[in-house]
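Structural characterization, general
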Amino acid sequence: MNSNMMMTAAAGALLASGLSTAAAAEDLTLCWAAWDPANALIELSRDFEAQSGHTMSFEFVPWTSFADRMLNELNSGGQLCDLMIGDSQWIGGGAENGHYVKLNDFFDANGISMDDFIPATVTGYAEWPKNTPNYYALPAFGDVVGWTYRKDWFERPELQAEFMETYGRDLDVPASLAELKDIAEFFQGRDIDGTTVYGAAIYTERGSEGITMGVTNALYNYGFLYENPDQPYDLDGFVNSAGAVEGLEFYKALYDAATPPGSSNWYMGENIDAYRSGQVAMQMNFAFIWPGVEADPNVGGGNSGYFANPPGPAGQFAQLGGQGISVVAYSEKQDAALEYIQWFAQPAVQAKWWELGGYSALSAVVEDPGFATSQPYAQTFLDSMAIVKDFWAEPAYADLLLPMQERVHNYVVAGTGTAQEALDGLVRDWTEVFEDEGKI
Amino acid sequence: MSFSVTEPSQRTKWFAGILVIGYAIITLVPLLWIIATGFKSPTDSIAYPPVVVFEPTLEGYVNLFTDRTRATEQMLEEAGPPTTWYEEIARERGTVITGQSRFGQRFMNSVIIGFGSTALCMILGTAAAYAFSRFRVPLKDDLLFFILSTRMMPPIAVAIPIFLMFRNLGLNDTHLGMILLYTAVNLSLSVWLLKGFIDEIPVEYEEAALIDGYTRFQAFYKVVLPQAATGIASTAIFCLIFAWNEYAFAVLLTSGTAQTAPPFIPTIIGTSGKDWPAVAAGATIFLVPVMVFTILLRKHLLRGITFGAVRK
Amino acid sequence: MTHSPIDRAALRTPPGMARRIRGLSDRTIAWIFVAPTIFLLLAVNIFPLIWTIRLSFTNFRVNRPNNAVEWVGLENYRRILSDPDVWNTMQATAHFLIWTIVLQVLIGFTLAYLINKKFRGNDLWTTIIVFPMMLSPAVVGNFWTFLYQPQIGLFNYVVSFFTGIDPASFSMIGDVHLAPWAIVIADTWMWTPFVMLICLAGLRSIPDSIYEAAECDRASKWRQFWTITLPMALPFLMLAVLFRGIENFKMFDLVVQLTGGGPGNLTTLTSIDLKREAFEKWRTGYSSAYAVILFVSVFGLASIYVKALNKVKER
C-alpha cells in the first residue's frame, strides 16, 4: 500500500469521525394523524430543527384511514416513518412484532423518567405488557373523550324554566349519563332561533373505530369489563354482563331518541360539523377539538362549556384517546429520531406544546397551578384524564376492533337483534381471536 | 319541408328534448353543488339549512394548498401583517399558514403515474395490437380472451399478492410500482381498442411500403402509426382517465410518496372538522382535466367504454 | 397475410438491409411485439392469481411474520361458505347489482331513445349527461355523503321541495331501509350515462330502411318498437348489462366512501368485506380463498352470460 492511499484513508476516517460527532443532519419523517394537533406539532418542531440541524418532514393521515395506512406501513417493514405517533392501541403489536424500538435504555441514559408523566398516559401509551416497566413510546398527546355543550342555550331563562318544570331540576351539566339523556331529549327537535336543533352528536362511525370509541363511554360506566380481572382473557360474564347489556341499551336509546337524523356514520369530524353549525346542544368528542371550539366564531368565545363523561351506575370512566411517540425499528435514522424524543420530553418544550394546543402528558405541565385556569377546558381535561380506560391494546387489536364495530353498529344503528345478542356475539368473536392468537 | 317516415315530428322532438334536458339538469345539480361548495366559506358549506346564495371566497382553495395552524398571539406578532391575499384569508380565520399542503404533491403523483402508465401502456399496447392484427400469432384467440379476462378480477382480490410481491421487490409505495400496475390493468383495454383501430387500416398501405423497400419496423413506424394516431390518442385518454380516477389499488398499495389524489381528496380535513370547501376545491381541480377530455373524446367515447365492442 | 411482398421487397433492397429483414421474420417481430404485454400481464395478473390460490390453502397472515405458515387444505373455503355474514354480503351485493342494472337500463335506454329523436342540440346535452361517469368514484362517493346529510345536504331538501316531506325526517345513509337505496341512487347517477351511450349506439345502428318497410306495412309505432327497435338494440343492451354487472360486482370505491358498509352490515358489499378481511384483519390465507371464490363466480357468470349474448347476436 503506498503512502498516498494511506493518507486518503486516514483523511476519510477523520472526516467520518468528525461527521459522527456533529451528528449528520438527517431528514426525519414523523407520522401521525392529520388533525389540528399535528399542525401545532409542525410549529413546535421548528425549534428542534433550529437546535439540532435536522430537518423534519411530516406524514399525516386522516383518522378514518390512519390505522389502516400506518399498520400497513409497519407490517410491510416500511421506512416511510422514522418517528411514529401511533394510536394507543397499537402498542402491543408494535412491541411484539418488533415495529417499535424499546426505549428503556434510552430513557435511563438521558434521565427521562416515566414517573414524570401522567400515570394513565404511561400505562395507555407507553407500556407493553401493560403495568410492566417496558416502554416503547413516550407519551406525546393526552386525549380522552369528553363532552362539549352549548352554554349559551343552557343559560336561556325560558329553557331553564321549562326544563325545571319538566324534570324538576336545573338545566345544567349532567351529573349522570341518564341526566345527559334527559337533556339531549329536551333539546331534540326543539326550535331555537328559527332552526330545529337536536340533542347530542355521538360517535356512530362504522368503517374504522368510531362507534367503539363512543359506546365504550356508556359501557364502562354501566359495568362492562374487557375481561375477568382475576383471569386474563376470560370474557364471558364480563363483556356481556347485565351491566354491559344495560350500557349498550342506553347508547342505543340515546341514539334513537336524541341524536340528529342521519348521524349514523359520524365520528370526530361530523360531530364537530354538527356542533359548529348549531345543530346540536351537546357533542361527544375527543378533547383535542376543544381549542378549536373555543376559537370558533359561532360557538366559541364563551358560548361553549365542557364536562367530563358523566358517571353511570357502575362508576365514572371515559374512553382514552391519545398517543405516544415511538421510534420505528425499520428506520435508518434512529439516532436522530431518539434525539427528537429527547428534545420533545423537555419540560419547556412540553409547556409550549400545551400553549400551541397540544395536550401535554407531562405532570409538571398539567400540575402547574396556572394550568387549570389557563383555558376554559383545562379543568375538564384534568378531570377526564383521571378516569380513563382504554380498548384492548393487544397485538390483535385490529381483529378485536372489527367485530366490536360490526356488532355494536348492527345493534345500535341498524337495530338488528338485542343488546344481549350483540355482546354474546362479541364474546364469541373475541374468544375466537384469542384462540387464534394462542392466548387461550 | 320534406317528410320522412323515420324523421320524428316536431312535437316528438320538443317532447324528447325537454325530457332529456330535464334529466341533464338534474344530473348536473350534484356536480354544480360540488363546484359551488369549493367557493363557499366553511361556515356556509355546512350551513343548516343549506344555502344556495352565498358570498364566494377562495378560502377552500387556500385551505387546499396550505397547512395552517391556529395562531397564538405571539405567533401573530412575530409573523407581522399578512403580505399576500392568501395569508390574509387565513388570518381572518385566526390561523397562520405554516407551509404547503400535500395536495400539490398528490396531484403531481397523479400526473406522473397517470401519464407514465399511459405512455408505457400505449407503447406496449400498440405493439401487441399490431401483432394481433397483422400476424398469425399462435393461440391468438385464447390470448385475446386471456387479456380481456384479466379485467374481471376485483382489484381487492389481486391486491393481496400484489401487495406481497411489491413488498418483496421494494415496489410498495413507489411511482414505478404504480405505473407498472396501472399499465397492466389498462393493457387489456388498450390492446382491444387498438386492435380494432389497426384492423381498420388497409393492409395495402403497408404492403406498398414494404415494396418500396421499407422494413417491417419502418412500415409499422412510418405508415401504420400515423394512420392509427387518432385511435391511439383516444385510447390513451381512456387509459389516463382510468389511472387518474383509480382508488382501490392506490389506497391499498401507496401511503406517502406515491399516493395519488383520489385517496387523498376525501381525507382533507381542516383545523376543526371536515373542510368541505377544501374537499370540493380539490375535487373540482381534479375533475377539470377529465371534463376537458370528455369533450375532446365525444366521438370515441363509446368505443372506449365498451372495450371496442361497439364501434361508431 | 402473404409473405410475398416482403420477399419481393427484399430482393430489391441492398444486401445489408435484406439481411435485417430476413433476420427479423414476421414471426420474430410478432413475438417481440406481443411478449412484453404478455409478460406484464403474467407478472401482474396471473402470477398473483396463482399465488392467491396457493395462499388460500394456508393460514398465512401478513402481519404475523413470525408465525409458522400451515397448510390447512379446504378449511378456509369451508369457513367462508358456511359463514352467514358472507352470505349477507352476497345478498347486499345482489340487491345492489340487480337494482343498479334495472334502473340504469330503464333510464339509460329511455334517454337514448329520446336523444335518438335528434332534437336540436342533442349532442351538447349528451356530452353534459356523460360528465358524472368520468369522475373518480371515490370522490363521488365521498361527496354524496355530504349531499345525503339530512341537515346540511342538498338531497333531502330537493326531495322535500318536490314531495313536501320534512327533510330532517329521513336519512338516506343512516336508515336501514334507505341505505341500500342510497348506494343504488349514487351509482345510478354516476353510471346511467354509460348504459345510455351503448343503447344510443344500438339505436343508431338500426337502418332507416327497416322502419320505412314497417311503415309501408302500416305497423303501428308501438308495434315497430317491440318488433324492430327493441330486438335490434337488445345485443347492445345486454352488452351494457355485462359491463355494468362486472363493474358493480367489483364495486368498492364508491360505496366504501359513501357508507363505509353501514348501517351495520347492510351495504357491506363483497369487495368491502374482502378488504376488511385482507387489509384490516390481515387474514391473508382466509381472504385469498374469499378472493378465489369471488373471481370464480364473476368469471363463471360472465362466461355463461357471454354465451347467451352470442346466441342473441346470432339470431
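Residues numbered from 1 in each chain as written. Chains lettered and ligands numbered in written order. Predicted model: local features only at pLDDT ≥ 70, side-chain atom pairs only at ≥ 80, totals over all residues.

Quick look at the overall build of chain B
Secondary structure assignment for chain B yields 15 helices and two strands. Here the C-alpha atoms of chain B give a radius of gyration of 25 Å, more than 25% beyond the 20 Å that 2.2 N^0.38 yields for 312 residues. If you line up chain B on its principal axes, its C-alpha atoms span 80 × 70 × 40 Å. Per-residue burial for chain B yields a buried fraction of 54% across its 312 residues. When contacts within chain B are restricted to residue pairs at least 6 apart in sequence, those whose partners lie at least 24 apart make up 75%. (Helix = DSSP H or I, 4+ residues; strand = E, 2+ residues; numbered from the N terminus. Rg over C-alpha atoms; globule rule 2.2 N^0.38 Å. Buried ≥ 20, exposed ≤ 12 C-beta atoms within 10 Å, placed from the backbone. Contact = placed C-beta atoms within 7 Å.)

Overview of the interface of chain C and chain B
Chain C puts 87 residues into the contact, and the matching count from chain B is 86 residues. No other element matches the 16 residues that helix H3 (residues 26-55) of chain C contributes to the side of chain C that touches chain B.

Focus on the domain arrangement of chain A
All names here are of chain A. Considered domain by domain, chain A is made up of domain 1 (26-142 + 322-389) and domain 2 (145-319 + 396-437). Each of domain 1 and domain 2 has a C-alpha centre, and these two points are 27 Å apart. Between domain 1 and domain 2, the residue contacts involve 23 residues of the former and 23 residues of the latter. (Domains from an automatic or database assignment.)

Looking at the interface of chain A and chain C
At the junction of the two partners, chain A supplies 24 residues and chain C supplies 24 residues. Elements with a contribution of two residues or more to the side of chain A that touches chain C: helix H3 (63-75) and helix H19 (397-412) of chain A. At six residues, the largest contribution of residues to the side of chain A that touches chain C is made by H19(A). Residues belonging to the side of chain A that touches chain C are distributed by class as follows: six nonpolar, 14 polar and four charged. (Nonpolar A, V, L, I, M, F, W, Y, C, P; charged D, E, K, R; others polar.)

Brief notes about the sheet that holds strand E7 (residues 195-201) of chain A
Residue and element names in this part refer to chain A. Spatial ordering of the open sheet is given by E6-E7-E8-E5-E9, a layout of five strands whose pairing is mixed. Lying at the two open borders of the sheet, with one neighbouring strand each, are strand E6 (190-192) and strand E9 (304-308). Neighbour-to-neighbour, the strand axes of the sheet open up by a mean angle of 35 degrees, direction not taken into account. Two strands pair when backbone bridges link them, and E7 and strand E8 (residues 280-286) are joined in this way by three bridges, in the parallel orientation. Pairing of Tyr198 across the sheet is with Val280, part of E8. Each of E6, E7 and E8 is contacted by helix H9 (residues 177-187), which is oriented at about 165 degrees to E7, the strand it contacts most. Each of strand E5 (145-150), E7 and E8 is contacted by helix H12 (residues 268-276), which is oriented at about 155 degrees to E8, the strand it contacts most. (Pairing = 2+ DSSP bridges. Axes fitted to C-alpha atoms, helices over the stretch in contact; angles between N-to-C directions.)

Quick word on unusual backbone geometry
Residue and element names in this part refer to chain A. Residue Trp128 is joined to Pro129 through a cis peptide bond whose omega torsion reads -10 degrees. The topology assignment puts Pro129 in the loop between helix H6 (119-126) and strand E4 (138-141). If you check the backbone angles, Asp193 has positive phi at about 50 degrees while not being a glycine. Mapped onto the elements of the fold, Asp193 is located in the loop between E6 and E7. Although it is not a glycine, Tyr233 adopts a positive phi angle of roughly 65 degrees. Secondary-structure assignment places Tyr233 in the loop between helix H10 (210-222) and helix H11 (242-258).

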